[in-house]
Amino acid sequence: MKLYGYWRSSASYRVRIALQLKALDFDYEPVNLLKGEQQSPAHLKRNPQGLVPALETEEGRILTQSTAIIEYLEERYPETPLLPADAVQRARARAIAATIACEAQPFMNLRIQKYLKDECDFGAEAMTSWLDRWAGGAMGSVEALIARDGAYCVGDTPGMADAFLVPQIFGALRFGIDMSKTPRIMEIYERCIKLDPFIRAHPQNQPDAIPA
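All figures in this text were calculated on a predicted structure; none of them were measured in a lab.

Participant: Is there a simple way to think about the nonpolar core in this case?
Facilitator: Most often, soluble globular proteins keep nonpolar side chains buried together rather than apart. Of all hydrophobic cores here, the largest spans 58 residues; its most connected members are Leu73, Met139, Leu165 and Ile185. Once residues within four sequence positions are removed from consideration, Leu165 is found in contact with Ile100, Met139, Val142, Cys153, Ile185, Ile188 and Tyr189.

Take a look at the structure:
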């Protein structure tokens, strides 16, 4: 398999975590978003949206959208499951992932922030307020969805929901979003980032990372 991604992309980060949790071998090809490589003819052929990640399967098929890719990995390589066995718990894990992917992460997207800065004249204070209200507000909903028992988002094993949670908090901390009202999220985040699969998937440990 080959993953096309960008080191600091939340969506790419999710897929890296899923691949690492499943202990799957994959090659990594960087797509530099700051240089516009996502709009190159070669990448647009892989992903007409001009986004990352894209995953080339062992059979040579190209998959896009992080949620679809992770669901594919779950179905194709079920030996180390990322979703619980119980149907209700699986639905809860998917609800957490969807809330992050649909209600929180889009507001932190590079192209959205570029639009707000360049075309709407958002300064640093306005951007922080925007992120706190929309991305931070969505994470308040995630806090309510997360189980109060268990070490991770759903139960005692890290899985799909945690693969979505960790990149979101990495970005939230980077952009200065106030996470003080979500102690359960931060507890799980701190637990996850100490695990080897999450360490290997961390943005700074990618070959295209810019040194901190």
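Read on for the rest.
Participant: Honestly, the packing of helix α1 (residues 10–21) against helix α3 (residues 66–76) in this entry has me stumped. Any pointers?
Facilitator: In helix packing, the relevant descriptors are the interaxial angle and the interaxial distance, both defined with respect to the helix axes. For the pair α1 and α3, the least separation of the axes is 9 Å and the interaxial angle reads 10 degrees. Here α3 runs roughly parallel to α1, going by the angle between their axes. Residues Ala11, Arg14, Val15, Ala18 and Leu19 of α1 pack against Ser66, Ile69, Ile70 and Leu73 of α3.

Participant: Please explain the sheet that holds strand β3 (residues 54–56) as it appears in this structure.
Facilitator: Note on sheets: strands pair through backbone hydrogen bonds, and any given pair is parallel or antiparallel. Taken in spatial order, the 4 strands of this open sheet run β2-β1-β3-β4, and their pairing is mixed. The strands lining the two open edges of the sheet, one partner per strand, are β2 (27–30) and β4 (62–64). Across this sheet, the average inter-strand angle for adjacent strands is 20 degrees, counted without regard to direction. Relative to β4, β3 runs antiparallel, the two being bridged by 3 bridges. Within β4, the residue paired with Glu56 across the bridge is Ile62. Against the sheet, α3 touches β3 and β4, its axis set at about 125 degrees to β4.

Participant: Is there a simple way to explain the packing of aromatic side chains in this structure?
Facilitator: Each aromatic ring pair is summarised here by two numbers: the centre-to-centre distance and the angle between the ring planes. In the structure shown here, the tally under the stated rule is 2 aromatic pairs. Ring geometry for Tyr13 against Phe170: centres 5.8 Å apart, planes inclined by 85 degrees, an arrangement best described as edge-to-face. Separated by 157 residues along the polypeptide, Tyr13 in helix α1 and Phe170 in helix α7 (residues 160–174) bring together distant segments of the chain. Using a relative accessible area of 2% as the deciding quantity, one classes Tyr13 as buried. Judged by relative accessible area, which is 17%, Phe170 ranks as buried. Over the aromatic face of Tyr4 sits the side chain of Arg46, whose NZ or CZ is 3.9 Å from the ring centroid.

Participant: What's the story with the state of the cysteines in this structure? I'm lost.
Facilitator: Throughout this description, disulfide means a covalent bond between two cysteine sulfur atoms. Counted according to the given criterion, the structure contains 0 disulfides. Lacking any disulfide linkage, Cys153 is separated from the closest cysteine sulfur, that of Cys192, by 6.6 Å. Of the residues examined, Cys153 reaches a relative accessible area of 0% and is grouped as buried.

Participant: Can you walk me through the side chain of Gln20 in this structure?
Facilitator: Among the structural elements, Gln20 can be located in helix α1. Classification of Gln20 as buried rests on a relative accessible area of 16%. Non-local contacts of Gln20, meaning those with residues more than four positions away in its chain, are made with Phe26, Pro197, Arg200 and Ala201.

Participant: Is there a simple way to think about the environment of Ala101 in this case?
Facilitator: Along the polypeptide, Ala101 turns up in helix α4 (residues 87–104). Classification of Ala101 as buried rests on a relative accessible area of 17%. In this structure, the C-alpha to C-alpha distance between Ala101 and Ala68, residues 33 residues apart in sequence, is 12 Å. When residues no more than four places from it in sequence are discounted, the contact partners of Ala101 are Arg14, Thr67, Pro106 and Phe164.

Participant: I would appreciate a short explanation of the pattern of salt bridges in the present structure.
Facilitator: Side chains that differ in sign of charge can pair as their charged atoms come close. Tallied over the full model, the rule gives 9 salt bridges. Notably, a salt bridge pairs Arg184 with Glu187, separated by 3.2 Å at the nearest N-O pair. With Arg184 and Glu187 both in helix α8 (residues 183–192), this residue pair falls 3 residues apart, about one helical turn. Here Lys194 ties to Glu190 by a salt bridge, and the two come within 3.9 Å at their closest N and O atoms. According to the relative accessible area criterion, Lys194 is exposed, its value standing at 60%. Here the residues in one salt-bridge network are Glu58, Glu59 and Arg76, joined through shared partners.

How each quantity is defined
- Residues numbered from 1 in each chain as written.
- Predicted model: local features only at pLDDT ≥ 70, side-chain atom pairs only at ≥ 80, totals over all residues.
- Heavy atoms only, no water.
- Core = buried A, V, L, I, M, F, W, Y, C linked by side-chain atoms within 4.5 Å.
- Buried < 20%, exposed > 50% of the residue type's maximum accessible area, 1.4 Å probe, protein only.
- Contact = heavy atoms within 4.5 Å.
- Axes fitted to C-alpha atoms, helices over the stretch in contact; angles between N-to-C directions.
- Helix = DSSP H or I, 4+ residues; strand = E, 2+ residues; numbered from the N terminus.
- Parallel < 35°, antiparallel > 145°, perpendicular 65-115°, else oblique.
- Pairing = 2+ DSSP bridges.
- Phe/Tyr/Trp six-rings, centres within 6.5 Å; stacked < 30°, edge-to-face > 60°.
- Lys NZ or Arg CZ within 6 Å of the ring centre and 35° of its normal.
- Disulfide = S-S within 2.5 Å.
- Salt bridge = Lys/Arg side-chain N within 4 Å of Asp/Glu carboxyl O.

Spatial relationships are all this shows, so hold off on functional conclusions.
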